[in-house]
Amino acid sequence: MDAKVVIEPADGRDDGARRREQRGWYWYDWANSVFQTSVLTVFLGPYLTEVAEAAADVDGYVYPLGIPVRDGSYFAYVISASVLLSVLVMPVVGAIADRTGRKKPLLAVCAYTGAAATTAMFFLDGDRYLLGGLLLILANVAYAASVVVYHAYLPQIARPEERDAVSSRGWAFGYGAGSLVLVANLALFLGHESFGIDQGTAVRICLASAGLWWAVFTLVPLRRLRDRPGEVSGGRLSIGGGFRQLGHTLRELRSYPLTLMFLLAYLLYNDGVQTVITQASVFGSKELGMEQETLIGAILLVQVLAIFGALGLGRLAERYGAKRTILGSLVAWTGTVAAGYFLPAGEPLWFFALAGAIGMVLGGTQALSRSLFAQLIPRGKEAEYFSLYEVSDRGTSWLGPLVFGLTYQLTGSYRDAIISLVVFFVLGFLLLLRVPVRRAAAAVGNTAPGRI
């Protein structure tokens, strides 16, 4: 018998079928990314705040469930509530997906729930702040749950040596869609008068279009992806069963301390990434005096360059391995944030340079973290472990903003606040450096690729 080592496909399927499934998988990034970009990042926050202001009393309060809330704080509180609820929902969805093996129906339910809620934002006008809050919670929780199921397909449709490239292409697809739709939305928003509509109607069309985009392009992965048998034969779609399986997964995770160490490293550096993204516009407007048009242009630049960054870092991972490439990206993040401290005020060119640097490392850091984690989880438990991966993202997303806010409160300087985020990248780098990823993959029963 030939001594040559034969590497089997991810699930034993031929190359053509596997690649067809991968191509379908990319399209869910294309479908859902517009929700993050156009809805959460750009349009919904200011608009929902205006709706809350229209409903507020003379003292500037609204009263959801009888609780007095400042109109300017309403959007932030609703986001927090949706994140808290998604932290509870994601692990249960992940456990059900692995227990039954029926990932595709779960993906469909979550995606179309989120898309329907986003499309219904067209009716968010006047003083309907309660409707806006309900739709935002529903859409954001559904989005989070769908992403857990989506991530869980990666180790099933890609061989170990393919996962960095496949994950990177998925992120690039997502940033491509986000850029394309955001350009169209901004054209409508900025030129609403020429279309014969008011600004509020333009925003509602932008919000609804994101939901329709999400719904239409989700059809592609639903046609291409396929279900695999669940870990438990005859498993049923049971919430109680999902909680029981989640408890088992949490107990099992203690047996894989290296996987847990990676999750802690990801928790730290990803919180730094997310805080830079969310606070960069505040830093740009308040500290550097950037106009709204400059901030919007910078967001677009980040989206476009993140496409090339994701693909570029994916290529580097093929040569140097995902861990080394992520470590290199964290050095770049540290340098970028440190450079932000020295940016001169009133100089848009330097702010665009900072945005460009963020874009080049943003997509790659996220894509390679996903593919590296896929190597460190036991077979048949993909959705459950990716739910914990997402929880480590969303469940701690308050840490970075808290450090940013406390630093500003103590110093009164947004420059000091932005430089304080360096600690997340440094600690994440040091912790990831200590993770022997090849040994971690072997500990969960996986064969690592040649470069990891």
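The structure presented is a predicted model; accordingly, all values stated were derived computationally and were not measured.

Glancing now at the overall build of the chain. Secondary structure assignment for the chain yields 17 helices and two strands. Computed over its C-alpha atoms, the radius of gyration of the chain comes to 22 Å, within 12% of the 22 Å expected for a compact globule of 452 residues. Taken along the three principal axes of its C-alpha coordinates, the chain extends 80 × 50 × 40 Å. Out of the 452 residues belonging to the chain, those deemed buried represent 55%. The long-range share in the chain, meaning contacts at least 24 apart out of those at least 6 apart in sequence, stands at 84%. In the structure as shown, the chain presents an accessible area of about 19,400 Å², 63% of it carried by carbon and sulfur atoms. In the chain, 38 side chains carry a positive charge and 34 a negative one; their mean positions are 12 Å apart.

Here we take up helix 7 (residues 199–224). The terminal C-alpha atoms of helix 7, which comprises 26 residues, lie 39 Å apart, in line with the 38 Å expected from a rise of 1.5 Å per residue. At the N-terminal boundary of helix 7, the capping side chain belongs to Asp198, with an oxygen 3.2 Å from the backbone nitrogen of Gly200.

For the coordinates displayed, the defined rule picks out nine salt bridges. Between Arg18 and Asp15 there is a salt bridge, and its shortest N-O distance comes to 2.9 Å. Separated by three residues within a single helix, Arg18 and Asp15 lie in helix 1 (residues 15–55), roughly one turn from each other. The exposure class assigned to Arg18 is buried, which follows from its relative accessible area of 1%. Exposure remark for Asp15: the relative accessible area of 33% places this residue in the partly exposed category. In this structure, Arg128 and Asp125 form a salt bridge, with 3.6 Å as the shortest nitrogen-oxygen distance. In the salt-bridge network here, residues are joined through shared partners; they are Asp15, Arg18, Arg19, Arg159 and Glu162.

Here we take up the nonpolar core. By size, the foremost hydrophobic cluster in this structure holds 134 residues, and its most contacted members are Trp25, Phe43, Leu44, Phe262 and Trp333. Top element by residues in this core is helix 1. It accounts for 16 residues. Among residues more than four places away in sequence, those in contact with Phe262 are Tyr269, Ser369, Leu372, Phe373, Leu376, Tyr389, Leu432 and Val435.

All told, the structure shown has 29 aromatic pairs when counted by the stated rule. Here a set of aromatic residues connected by ring pairs shows up, and it is made of Trp25, Tyr26, Trp27, Tyr28, Trp30, Tyr150, Phe173, Trp213 and Phe217. Here Arg204 stacks its cationic end above the ring of Phe122, 4.8 Å away from the centre of that ring.

Let us look at the packing of helix 10 (residues 292–320) against helix 11 (residues 322–341). Their axes nearest at 7 Å, the elements helix 10 and helix 11 cross at an angle of 130°. Between helix 10 and helix 11, the interaxial angle falls into the category oblique. Handedness of the helix 10/helix 11 crossing: right-handed. Only Ala322, Arg324, Thr325 and Ser329 of helix 11 make contact with helix 10, whose side of the interface consists of Leu313, Leu316, Ala317 and Tyr320. Broken down by class, the residue content of the contact of helix 10 with helix 11 amounts to five nonpolar, two polar and one charged.

On to the packing of helix 9 (residues 257–287) against helix 11. Where helix 9 contacts helix 11, the axes come no closer than 12 Å and their chain directions differ by 30°. By the angle between their axes, helix 9 is roughly parallel relative to helix 11. Here the hand of the crossing between helix 9 and helix 11 comes out left-handed. In contact with Tyr269, Val273, Val276 and Phe283 of helix 9, helix 11 contributes Ile326, Leu330, Trp333, Val337 and Gly340. Each residue belonging to the contact of helix 9 with helix 11 can be placed in one class, and the counts come to eight nonpolar, one polar and no charged.

Further remarks concern the side chain of Ser371. You can see Ser371 is positioned in helix 12 (residues 348–374). Ser371 sits in the buried class, given a relative accessible area of 0%. A polar atom in the side chain of Ser371 sits 2.5 Å from the side chain of Asp164. In this structure the side chain of Ser371 is engaged in a polar contact, spanning 3.1 Å, whose partner is the backbone oxygen of Leu368. Apart from residues lying up to four places away in sequence, Ser371 is in contact with Leu154, Arg163, Asp164 and Ser167.

Quick look at the environment of Pro401 now. Mapped onto the elements of the fold, Pro401 is located in helix 14 (residues 399–411). Note: C-alpha distance between Pro401 and Val147 (254 residues apart in sequence) is 23 Å. Ignoring anything within four residues of it in the chain, the contact list for Pro401 reads Thr275 and Gln279.

Let us now look at the environment of Ala55. Its place among the elements puts Ala55 in helix 1. The class of Ala55 is partly exposed, set by a relative accessible area of 25%. Counting along the chain gives 254 residues from Ala55 to Gly309, while the straight-line C-alpha distance between them is 43 Å. Beyond its immediate stretch of four places on either side in the chain, Ala55 contacts Val62, Asp127 and Tyr129.

Segments scoring low in pLDDT should not have their predicted coordinates read at a detailed level. A residue-level look at the chain finds 92% of positions with pLDDT of 70 or above and a mean pLDDT of 87. Note that pLDDT drops below 50 for residues 1–9; the model gives that stretch five contacts with residues more than four away or on any other chain.

What follows covers unusual backbone geometry. Phi at Leu65 takes a positive value of approximately 55°, unusual for a residue other than glycine. Looking at where Leu65 falls in the secondary structure, it is placed in the loop between strand 1 (61–62) and strand 2 (69–70). Residue classification places Leu65 among the exposed residues on the basis of a relative accessible area of 84%.

Rules used throughout
- Residues numbered from 1 in each chain as written.
- Predicted model: local features only at pLDDT ≥ 70, side-chain atom pairs only at ≥ 80, totals over all residues.
- Heavy atoms only, no water.
- Helix = DSSP H or I, 4+ residues; strand = E, 2+ residues; numbered from the N terminus.
- Rg over C-alpha atoms; globule rule 2.2 N^0.38 Å.
- Buried < 20%, exposed > 50% of the residue type's maximum accessible area, 1.4 Å probe, protein only.
- Contact = heavy atoms within 4.5 Å.
- Areas by Shrake-Rupley, 256 points an atom, 1.4 Å probe, with all protein chains shown as cover.
- Lys, Arg positive; Asp, Glu negative; His and termini not counted.
- Charge placed at Lys NZ, Arg CZ, Asp CG, Glu CD.
- Expected span 1.5 Å × (residues − 1).
- Polar contact = N/O pair within 3.5 Å; in protein donor to acceptor, adjacent residues only side chain to side chain.
- Salt bridge = Lys/Arg side-chain N within 4 Å of Asp/Glu carboxyl O.
- Core = buried A, V, L, I, M, F, W, Y, C linked by side-chain atoms within 4.5 Å.
- Phe/Tyr/Trp six-rings, centres within 6.5 Å; stacked < 30°, edge-to-face > 60°.
- Lys NZ or Arg CZ within 6 Å of the ring centre and 35° of its normal.
- Axes fitted to C-alpha atoms, helices over the stretch in contact; angles between N-to-C directions.
- Parallel < 35°, antiparallel > 145°, perpendicular 65-115°, else oblique.
- Left-handed = near helix turned anticlockwise from the far one by under 90°.
- Nonpolar A, V, L, I, M, F, W, Y, C, P; charged D, E, K, R; others polar.
- pLDDT = per-residue confidence, 0-100.

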